[in-house]
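Here is how the chains run, residue by residue.
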Amino acid sequence: MARRKRYPEVLYNVTFTSMADKGRCVGRDPEGKVVFAEGAAPGDIADVQIFKKRKGVLWGRPNHFHKKSDDRVEPFCAHFGVCGGCKWQHVDYAAQLQHKEQGVYDTIQRIGKVDVGEKQPILGGEKTTYYRNKLDFGCANRRWLTDEEVKDESISQMSEVVGFHRPGAYDKLIQIDHCHLQGDPSNAIRTGVRELAIEMDFPFFDMRERTGSLRQLVIRTSSLGQTMVLIAFYVDDQDAIKSFLTAVQAKLPEITSLFYCVNSKVNEYLMDLEMHLFQGTPYIEEALGHIRCRIGPKSFFQTNTGQATRLFDIVAEFAGLTGEENVYDLYTGIGSIGLYLAKKCRQIVGIEEIAAAIDDAKINAELNGIENARFYAGDVKDILTDEFAQEHGAPDVLITDPPRAGMHPKVVQMLIQLAAPKLVYVSCNPATQARDLQLLDEVYRVEKMRPVDMFPHTSHIENVALLVKRS
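Reading the values: rules and limits
Residues numbered from 1 in each chain as written. Predicted model: local features only at pLDDT ≥ 70, side-chain atom pairs only at ≥ 80, totals over all residues. Heavy atoms only, no water. 1 Å grid on protein atoms, 1.4 Å probe; cavity = no way out; pocket = protein on both sides within 12 Å on 5 of 7 lines; lining within 4 Å. Points joined across faces, edges and corners; volume = space filled by probe spheres on them. Helix = DSSP H or I, 4+ residues; strand = E, 2+ residues; numbered from the N terminus. Pairing = 2+ DSSP bridges. Axes fitted to C-alpha atoms, helices over the stretch in contact; angles between N-to-C directions. Nonpolar A, V, L, I, M, F, W, Y, C, P; charged D, E, K, R; others polar. Salt bridge = Lys/Arg side-chain N within 4 Å of Asp/Glu carboxyl O. Buried < 20%, exposed > 50% of the residue type's maximum accessible area, 1.4 Å probe, protein only.

Colleague: Before we move on, could you go through the layout of surface pockets and cite the residues and values that matter?
Modeller: Here the second largest pocket defines a volume of roughly 770 Å³. Along the wall of the second largest pocket there are 21 residues; nearest its centre are M19, A20, D21, G103 and T107. Of all the elements in the fold, those that place two or more residues in the lining of the second largest pocket are β1 (10–19), α1 (93–112) and α11 (430–440). The element that contributes the greatest number of residues to the lining of the second largest pocket is α1, accounting for nine residues.

Next up, the structure:
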């Protein structure tokens, strides 16, 4: 007996209506089957080749278009469709904003089931290219090949590459010739490091065999003209490392801060490694509105500086500070939001789990002459207690900017107990924000909300909500 197919190979005449997570688009066929597809755009009608089904959800790719969306535009990057970033380049930016805004408010209603008083329009990015101040590249000796290249036996995957991972391909990288995410001198530095390694016959990392040495490249740029570069090596060969970095320093004098580390682990996470300053200053500086921040190789900093300033302005507007308020800033990072608001309130009390970030926050407070900010390192759920509130005074305004997972239930319960008159919730994940808003609903009503697009041409979105204590 023939094996029964678990899902159809093709869905015909799928009408796509909205954007979804990870650069996908969601649509339905005439029978009502829902599919998530890469490479589609809202307004497309297409046949979709199905490649995956899990828990009743279908994933696929369009293989024939009956109608293309009026919102389609020509992608600006030569790597579009291969690189895993900027997946919405083929959709007009105004349409991206419309779908992101609708997606945020639909998510809040669907998951949180809370009423939003004033639904403010999304704040789009003033810059939609070259807006990032930090990029992480991989270095490898194997290149990802397109379907066409795979068919050509004369093309080898063995090639020195500095670029990005293709989703699902751990051992190969996409060679990036020009990236539109980060401005000068990022492209020149990435290209220069690769050319130099090839000239010097410096071995690129082999992810499959665990050989070679040149493994990762991190570039941070600043609007003040400063540039930090961190190079990760797989092998701790100090003579080879110093020889290579000396050549990098000579070839790329625009680097003002050159670091290296040795990453001999299986994973590519760098923040648990020791960073070594090879040349230049141990930090770069960035202007964030009226404050100046020092950024080290391990610092967490908003990757879109210009849009972060506009985001913080919304936080300030929602907080409505008069100069008398005691403000708690939870998940403060390097203290960016707290320091931005410090001169508009009586006191800032910041909490952050990462100790190195708190060290940065204290340095940045001193750098900006801010004396009314106090910062504490530790998990918010452990630090924010009755005793903590008694020591620092009850908050008049509470600002929370948690990671994508949202707030721990213990933190939510403590916020309910503290019952600050105002709570400003900044989120990079509207789904977990909606969950938390539902839990907070017994004490707070959502007075207003505004999405902020920090990452144009991607599915990522920030959302700011003002919660006011119920009377």
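Colleague: Break down the sheet that holds strand β4 (residues 45–54) for me, with residues and values.
Modeller: One closed barrel accounts for five strands, arranged β1-β2-β3-β5-β4; its pairing is mixed. With strand direction ignored, the average angle separating the axes of adjacent strands in the sheet is 55 degrees. As defined by bridge partners, β1 adjoins β4 across four bridges and the pair is classed as antiparallel. Residue pairing in the sheet places T15 in a bridge with I45 of β4.

Colleague: Outline the sheet that holds strand β19 (residues 397–400), listing residues and values.
Modeller: Taken together, eight strands build an open sheet; the order of strands is β6-β21-β22-β20-β19-β16-β17-β18 and the sheet is mixed. Two strands lie at the open edges of the sheet, namely β6 (116–119) and β18 (373–377), each paired on one side alone. Across the sheet, the axes of successive neighbouring strands diverge by a mean angle of 15 degrees, strand direction being ignored. Where strand β16 (residues 326–330) meets strand β17 (residues 347–352), five bridges bridge the pair, whose relative direction is parallel.

Colleague: Hey, could you go over empty space enclosed by the protein for me, with residue numbers and the actual values?
Modeller: If you walk through the whole model with that rule in mind, you get one cavity of 30 Å³ or more. Roughly 30 Å³ of internal volume is contained in the largest cavity. For the largest cavity, the full set of lining residues is N133, R220, T221, I284, E286, I295, F301 and T305. Where the lining of the largest cavity is concerned, the elements lending two or more residues are β10 (214–221) and β14 (284–288). Classifying every residue of the lining of the largest cavity by side-chain character gives three nonpolar, three polar and two charged.

Colleague: Before we move on, could you go through the pattern of salt bridges and cite the residues and values that matter?
Modeller: Scanning the entire structure with this criterion turns up 14 salt bridges. For R61, the salt bridge is made with E38, and the minimal N-O distance between the two is 3.9 Å. Of this pair, R61 sits in strand β5 (residues 57–67) while E38 sits in strand β3 (residues 34–38); the two residues are 23 residues apart in sequence, bridging distant segments of the chain. You can call E38 partly exposed: its relative accessible area is 27%. In this structure, R292 engages E285 in a salt bridge whose closest nitrogen and oxygen atoms are separated by 2.5 Å. Judged by relative accessible area, which is 36%, R292 ranks as partly exposed. Note on E285: relative accessible area 10%, which makes it buried. Each of the salt bridges in this network shares a partner with another, and the network as a whole consists of E285, R292 and R294.

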